[in-house]
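Remarks on the overall topology
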Amino acid sequence: MTEKHIVLEDIDPVMFYGVGNSHLQMLKALYPKLRIVARDNVLRVLGDEQQLAAFEESVEKLRQHVLKFNALKEEDILDITRGHRLNDDVPDDVVCYSVSGRAIKARSQNQQRLIDAYHDNDMIFAVGPAGTGKTYLSIALAVSALKEKTAKKIILSRPAVEAGEKLGFLPGDMKDKIDPYLQPLYDALEDMLPQVKLQDMMEKHVIQIAPLAFMRGRTLSDAVVILDEAQNTTPAQIRMFLTRMGWNTKMIITGDTSQIDLPHSQKSGLIEALHILNNVEGIGVVNLSQKDIVRHKLVTRIVEAYDEYDKEMADARIS
């Protein structure tokens, strides 16, 4: 009799074991001569060496399937354990899969340009109105890079616009005060990574979420770095951020120049950076529009109505 410990690396064991351990019970039924005990992300297996080797091979194929598709069904288990060949190739147009198994991919021509620009450049600017998917798609690209091991970490940042008096009135310590500003980033990550795995990655600093001010003095290497809501940076802040770039790093800067929350006397760092860096080799700029909005259809109408209002106000000031 041989004993083997199999570690389920990089995946959520809950997804692997199934609801109520249904997948685990199925594996036990398929390998009745083996004694299988699961604890956390470790499978302790006892039995004949040849059968144990076959079981370990099946578990690794199942683990790879979960890693790619964020899903595992009973038919997948049956096909893999019976040696049937599965089509485990991720389609070219899919960036990654959500925790529900939904394919995350471009839903418009400009979103595809964003993906292409990411692969062709080390730094990209994705600029467009609310709801165009620029932040969500950027985080999907980062998660994909982490899974494919082309990056060792993800660093997400946002400027805390109200970093003065209003932030001070919020209860709690510094983390409690800044978390509301970073919640949209958490939301996207929770849609792409199982909760247990996401928590583990954050505790190990594989995924880091921090306000822009915390970037000063750092060199960001072997990472995908995303600066969200960049329209609310000052010229000094965005210059500081862009020069944090280290080796084997990709940077994505997203923003909406129609939603600048800075004081009227303060110039947006994003607008200045786009002007200065527009023709720099290795930097891609993707402009998204109302046509790329993937939220509720009312969002498109709201954006158009406000654009029309802004235009009327500008014309009135000129006249």
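Before reading further, recall that the structure is shown in the block above.
Cut-offs applied
- Residues numbered from 1 in each chain as written.
- Predicted model: local features only at pLDDT ≥ 70, side-chain atom pairs only at ≥ 80, totals over all residues.
- Heavy atoms only, no water.
- Helix = DSSP H or I, 4+ residues; strand = E, 2+ residues; numbered from the N terminus.
- Buried < 20%, exposed > 50% of the residue type's maximum accessible area, 1.4 Å probe, protein only.
- Contact = heavy atoms within 4.5 Å.
- Phe/Tyr/Trp six-rings, centres within 6.5 Å; stacked < 30°, edge-to-face > 60°.
- Lys NZ or Arg CZ within 6 Å of the ring centre and 35° of its normal.
- Core = buried A, V, L, I, M, F, W, Y, C linked by side-chain atoms within 4.5 Å.
- Pairing = 2+ DSSP bridges.
- Salt bridge = Lys/Arg side-chain N within 4 Å of Asp/Glu carboxyl O.
- Axes fitted to C-alpha atoms, helices over the stretch in contact; angles between N-to-C directions.
- Patch = residues over 30% accessible without salt bridge, like charges linked within 9 Å, V, L, I, M, F, W, Y side chains within 5 Å.
- Areas by Shrake-Rupley, 256 points an atom, 1.4 Å probe, with all protein chains shown as cover.
- Lys, Arg positive; Asp, Glu negative; His and termini not counted.
- Charge placed at Lys NZ, Arg CZ, Asp CG, Glu CD.

As for the overall build of the chain
Within the chain, the secondary structure is distributed over twelve helices and eleven strands. Seen through its principal axes, the chain has C-alpha atoms that stretch 85 × 40 × 40 Å. Sorting the 319 residues of the chain into buried and exposed places 46% on the buried side. Long-range contacts, defined as pairs at least 24 residues apart, comprise 70% of the intrachain contacts of the chain with a sequence gap of at least 6.

Details of the side chain of Lys 197
Summarising the element assignment, Lys 197 is placed in helix 9 (residues 195–203). Those residues in contact with Lys 197 that sit more than four places away from it in its chain are Asp 10 and Ile 11.

Concerning unusual backbone geometry
The backbone of Asn 21 sits at a positive phi, close to 60 degrees, despite the residue not being glycine. Position of Asn 21 relative to the elements: it lies in the loop between helix 1 (13–17) and helix 2 (22–30). The exposure class of Asn 21 is partly exposed, given its relative accessible area of 35%. One non-glycine residue, Asp 222, lies in positive phi territory at about 50 degrees. Relative to the assigned elements, Asp 222 resides in the loop between strand 8 (207–211) and strand 9 (223–227).

Focus on the packing of aromatic side chains
Here the structure, examined in full by the defined rule, presents three aromatic pairs. The ring of Tyr 118 has Lys 250 sitting right over it, with the charged end atom 5.0 Å from the ring centre.

Some remarks on the nonpolar core
Judged by nonpolar contacts, the single largest core of 36 residues is most densely connected at Ile 139, Leu 156, Leu 189, Met 192, Ile 207, Ile 209 and Val 224. Here the element with the most residues in this core is helix 6 (residues 134–147); it accounts for eight residues. When neighbours within four sequence positions are excluded, Val 224 is seen to be in contact with Tyr 118, Ala 142, Ala 145, Ala 151, Lys 153, Ile 154, Ile 155, Lys 250 and Ile 252.

Description of the pairing of strand 4 (residues 94–97)
Pairing geometry for strand 4 and strand 5 (residues 103–105), over three bridges, is antiparallel. Paired with Tyr 97 across the bridge in strand 5 is Ala 103. Connecting strand 4 to the antiparallel partner strand 5 that follows it, the hairpin turn spans five residues, and Gly 101 within it adopts a positive phi of roughly 85 degrees.

Points about the pattern of salt bridges
The tally for this structure, following the rule as stated, stands at 13 salt bridges. Residue Glu 60 is joined to Arg 63 by a salt bridge in which the shortest nitrogen-to-oxygen separation is 3.0 Å. A residue pair is termed a helical-turn pair when its members lie 3 or 4 positions apart in one helix, as Glu 60 and Arg 63 do in helix 3 (residues 49–69) at three residues. Take Glu 60: its relative accessible area is 34%, and that puts it in the partly exposed class.

A word on the sheet that holds strand 6 (residues 123–127)
Strand order in this open sheet of six strands is 8-7-9-10-6-11, and the pairing throughout is parallel. Strands at the two margins of the open sheet, each flanked by one partner only, are strand 8 and strand 11 (283–287). Each strand axis lies, on average, 15 degrees off the axis of its neighbour in the sheet, ignoring direction. Where strand 7 (residues 153–158) meets strand 9, five bridges bridge the pair, whose relative direction is parallel. Counterpart to Lys 153 in the pairing with strand 9 is Ala 223. Along the sheet, helix 5 (residues 109–120) makes contact with strand 6, strand 9, strand 10 (250–255) and strand 11, crossing strand 11 at roughly 175 degrees. Along the sheet, helix 6 contacts strand 6, strand 7, strand 8, strand 9 and strand 10; its crossing angle with strand 10, the most-contacted strand, is approximately 165 degrees.

A few points about the sheet that holds strand 2 (residues 35–39)
What holds strands together in a sheet is hydrogen bonding between their backbones, with the strands either parallel or antiparallel. Spatially, three strands are ordered 1-3-2 in an open sheet, and the strand pairing comes out antiparallel. Each having just a single partner strand, strand 1 (2–7) and strand 2 make up the two edges of the open sheet. Averaged over all pairs of adjacent strands, the angle between their axes in this sheet comes to 15 degrees, without regard to strand direction. Sheet topology note: the strand 1/strand 3 (residues 42–47) ladder contains six bridges and is antiparallel. The partner of Thr 2 across the bridge, within strand 3, is Gly 47.

A word on the side chain of Ser 58
With respect to the helices and strands, Ser 58 occurs in helix 3. What Ser 58 contacts, discounting residues up to four positions off in sequence, is Tyr 31, Ile 80 and Thr 81.

What to know about a negative patch on the surface
On the surface, Glu 304, Asp 307, Glu 308, Asp 310, Glu 312 and Asp 315 cluster together into a patch of negative charge. Positionally, Asp 307 belongs in helix 12 (residues 297–318).

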